[in-house]
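# Residue-level structure breakdown
Listed below are the residues making up each chain.
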Amino acid sequence: MKKLPALILAFGFLGIQLTACQATDAPSQGQESAPALSLAEENQSSAQNADEIPTLHMVIDLNRTSLTSASVTNFLATVPGFEREFKVTTETIPRMETEIVDGFDKPIPNPQRETTLTRLRTELMAGAGPDLFFCQNSVVEGYEGLFPFPQRAMANQLFLPLDDYIANQSNRMDFDKLIPAVMEAGRNDEGQQIMPISFSFYTTLFDCSKYTLSAQLPMSWDQALACDDPMVRFAQHDWYSSLGPLAKGDQDILAVTEEEIVQRYQDGQKYDYEDFPEFIQYSEEHKTNILVDDGSVKPIEMSCTALGMSQIYDANLNTEQEYWMVPSYNMEGGITAMVDGFMAINRNSQYPEYSFRIIDSMLGDRGQSSGIMQNMGGMPVLTEVGLDGTPGPGYSMNQWNSQQYREIIKQINLARFWTPLEYQLNHISFDMYWEDPNLEETVHKYYMKMQMLLAES
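Residues numbered from 1 in each chain as written. Predicted model: local features only at pLDDT ≥ 70, side-chain atom pairs only at ≥ 80, totals over all residues. Heavy atoms only, no water.

### Considerations on the environment of Asn413
Counting through the fold element by element, Asn413 comes out in strand β18 (residues 412–417). Remark: the alpha-carbon pair of Asn413 and Pro180, spanning 233 residues in sequence, is separated by 8.3 Å. The contacts of Asn413, once residues within four sequence positions are left out, are Ala181, Asn330, Glu332, Gly334 and Ile335. Among the polar contacts listed, one links the side chain of Asn413 to the side chain of Asn330, at a separation of 2.9 Å. (Helix = DSSP H or I, 4+ residues; strand = E, 2+ residues; numbered from the N terminus. Contact = heavy atoms within 4.5 Å. Polar contact = N/O pair within 3.5 Å; in protein donor to acceptor, adjacent residues only side chain to side chain.)

### A word on the sheet that holds strand β9 (residues 198–200)
Strands sit in the order β17-β9-β15-β18 across an open sheet of four strands; the sheet is mixed. The outermost strands of the open sheet, each flanked by one partner alone, are β17 (379–380) and β18. Relative to β18, strand β15 (residues 335–339) is paired through five bridges, and the arrangement is parallel. Following the sheet pairing, Met338 is matched in β18 by Arg416. (Pairing = 2+ DSSP bridges.)

### A short note on helix α15 (residues 420–434)
With 15 residues, α15 should cover 21 Å at 1.5 Å per step; its first-to-last C-alpha distance of 21 Å lies within 8% of that length. For α15, a buried count of 13 out of 15 residues is recorded, marking the element as mostly surrounded by other parts of the structure. (Expected span 1.5 Å × (residues − 1). Buried < 20%, exposed > 50% of the residue type's maximum accessible area, 1.4 Å probe, protein only.)

### Observations concerning the pattern of salt bridges
Within the structure shown, the criterion is met by 14 salt bridges. Here Arg119 and Glu123 are joined by a salt bridge, their closest N and O atoms 3.3 Å apart. One end of the pair, Arg119, and the other, Glu123, are both in helix α3 (residues 111–125), four residues apart, so they sit about a helical turn from each other. Bridged by salt links that share partners, the residues Glu91, Arg119 and Glu123 form one connected network. (Salt bridge = Lys/Arg side-chain N within 4 Å of Asp/Glu carboxyl O.)

### Observations regarding the pairing of strand β16 (residues 341–345)
Counting buried positions along β16 yields five of five residues, so the element is predominantly enclosed. Of the two faces of β16, the one lined by Gly341, Met343 and Ile345 and the one lined by Phe342 and Ala344 are each fully buried. Relative to β16, strand β8 (residues 194–196) is paired through three bridges, and the arrangement is antiparallel. Directly across from Ile194, in β16, lies its bridge partner Ala344.

### Quick notes on the sheet that holds β16
Taken in spatial order, the five strands of this open sheet run β2-β1-β5-β16-β8, and their pairing is mixed. Strand pairing shows two members of the sheet lacking a second neighbour, β2 (87–92) and β8, which therefore form its edges. Averaged over all adjacent pairs, the angle separating strand axes in this sheet is 20°, with direction ignored. Two elements, strand β5 (residues 132–136) and β16, share five bridges in a ladder whose sense is antiparallel. Among the inter-strand pairings, Gln136 is bridged to a residue of β16, identified as Gly341. Most of the contacts of α3 go to β2, to which it runs at about 130°, and overall it touches β1 (55–62), β2 and β5. Contacting β1, β2, β5, β8 and β16, helix α11 (residues 352–362) runs over the sheet at an angle of about 160° to β16. (Axes fitted to C-alpha atoms, helices over the stretch in contact; angles between N-to-C directions.)

### Focus: the nonpolar core
Residues Phe199, Ile358 and Ile412 are the most contacted members of the largest nonpolar core, which totals 88 residues. In terms of nonpolar packing, the next biggest core, distinct from the first, is built from 24 residues, Leu254, Ile261, Ile428 and Val443 among them. (Core = buried A, V, L, I, M, F, W, Y, C linked by side-chain atoms within 4.5 Å.)

### A word on the packing of helix α9 (residues 258–268) against helix α16 (residues 439–456)
Axis separation between α9 and α16 bottoms out at 10 Å; the angle between their running directions is 130°. Between α9 and α16, the angle falls in the class oblique. Remark: the crossing between α9 and α16 carries right-handed chirality. Taking contact as the criterion, the partners of Glu258, Ile261, Val262, Tyr265 and Gln266 in α9 are, on α16, Leu439, Glu440, Val443, His444, Tyr447 and Met448. A per-class count over the contact of α9 with α16 returns seven nonpolar, two polar and two charged. (Parallel < 35°, antiparallel > 145°, perpendicular 65-115°, else oblique. Left-handed = near helix turned anticlockwise from the far one by under 90°. Nonpolar A, V, L, I, M, F, W, Y, C, P; charged D, E, K, R; others polar.)

Dropping the structure here:
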C-alpha cells in the first residue's frame, strides 16, 4: 500500500499594528465653560477619573503564538471607548514549548501554565473569573487549552449568550457576512456564546496552466473518491475531514463509530499517487513513496500559514498565478472546517457591554484584515477579506483565486473545534504509517481513549 502522512499542521500566530483616533469633548452650545484648572488640579482630576473608569479582565490563551503587550495595546486602541470609558487588564497564560518525540510534537511541562489554568478554572467554578476570553486550542496533544472542549463549556453555562448584543450593539461587525457554518460551532440552544475569529480547512491547489478541472463541485466524499477527475480524487488526502461531529453536542457520547473510522481511513488510502507521478518520489528514510511539492500542486490547509504567511508566497496566490482549489469533502457533500481563534464573555462578567465592544471590533472589517489575523492560525471568518486585490492580513488574492475561494467557502457546512479527540485521530494515522499495525486494533485502542476523554471532560 502506498502511504502518505495524512495531515501536516502548521499555524502562524498573533501580532497586530493598529491605531485609533481619540475623540475630544467640547462644551455644548450655550453651556457655561468650567473655570480653568491649574496643572496640579488637572493631574489630580485625571488621576481620580482614571480610578473611576471600570476595568475589565481579559485572559489570552493563544498558545500557538507569541504575543507582545504592545500588539494587544495597539488592538485595544481601536476599540470604541477604550481608556475613556473603560480600561482593560490582560493576562496571558504562559505558553508551553514543544519537542519532537517519535514523530509527534510533545509539550514540555510548564508548571506555571498548569497553576494558572487551575486558578482560572477554580474561579470560573466559583462564579467569578475574567470578563473576556481570547483563546486558541492547540493541535498538540497534551497542550491543553483553558477550554479543551469549548462546546462543553457552553453547555455548562460558562459563557454569556450574545444574540441580543449582536442584534442591538454591533457597530463594526456584520454578522450576516461571517461564514455561517463556522459561526454555528459557537451556538447552542441558548444562542451564540462563542465567537469564532478564524478557521481553517484542507484543500489542494493545482496550477491552472498545467491542469484542468473537469468535475463539477461540490460532491460527497464517496463521490469524490469515485470521481473520474484525478484532481478530485487526489485532493481527498485528509480523511479526518470526511467525518462529521466527533461528539453528540454536549453529551458524553461519540457521534462516530469505530466502523466508520476504519472505513474512512481505508477510503483515504484509495486515491492513486500515480495520477500525478511527477509529485511522487521514493523516500529511503520512510521506505515508501512520498508527495513532492514542486510548486505545481499545493496540499495545504486554508489557514494563515497557507494564505498570509510563508506558503502564500510559494503558491503565488497574491500575484498573477491562478490555481484550481479542490477541497477535501465530507460525507454530506460539504467541507468540514476547524475553528482556530475564538472569543467569549464570562456569563458572570461585570462588564459585558465593554467586553462585547472588543469582540465587535475583532470581527469588523478592520479587525479581520489586521496583523492580529496574519499571525493567528486560520482564515478570517469575514468572507471578503483579502479578495480581488484588496489588502488582507498578509495576503491579497487575484480575481481568479478570489472566485475559487468564494466558491469553496460557500461549501463549508460544518465546523469543529480542536479538542483532545482530534489528537486520537492523528495517532491512528501516525501508528499506521510508522508501525503498520492491524487497523481495527489500532482504531479500537484510540476509540476507547476518545470515549474516556469525553467522559472526563
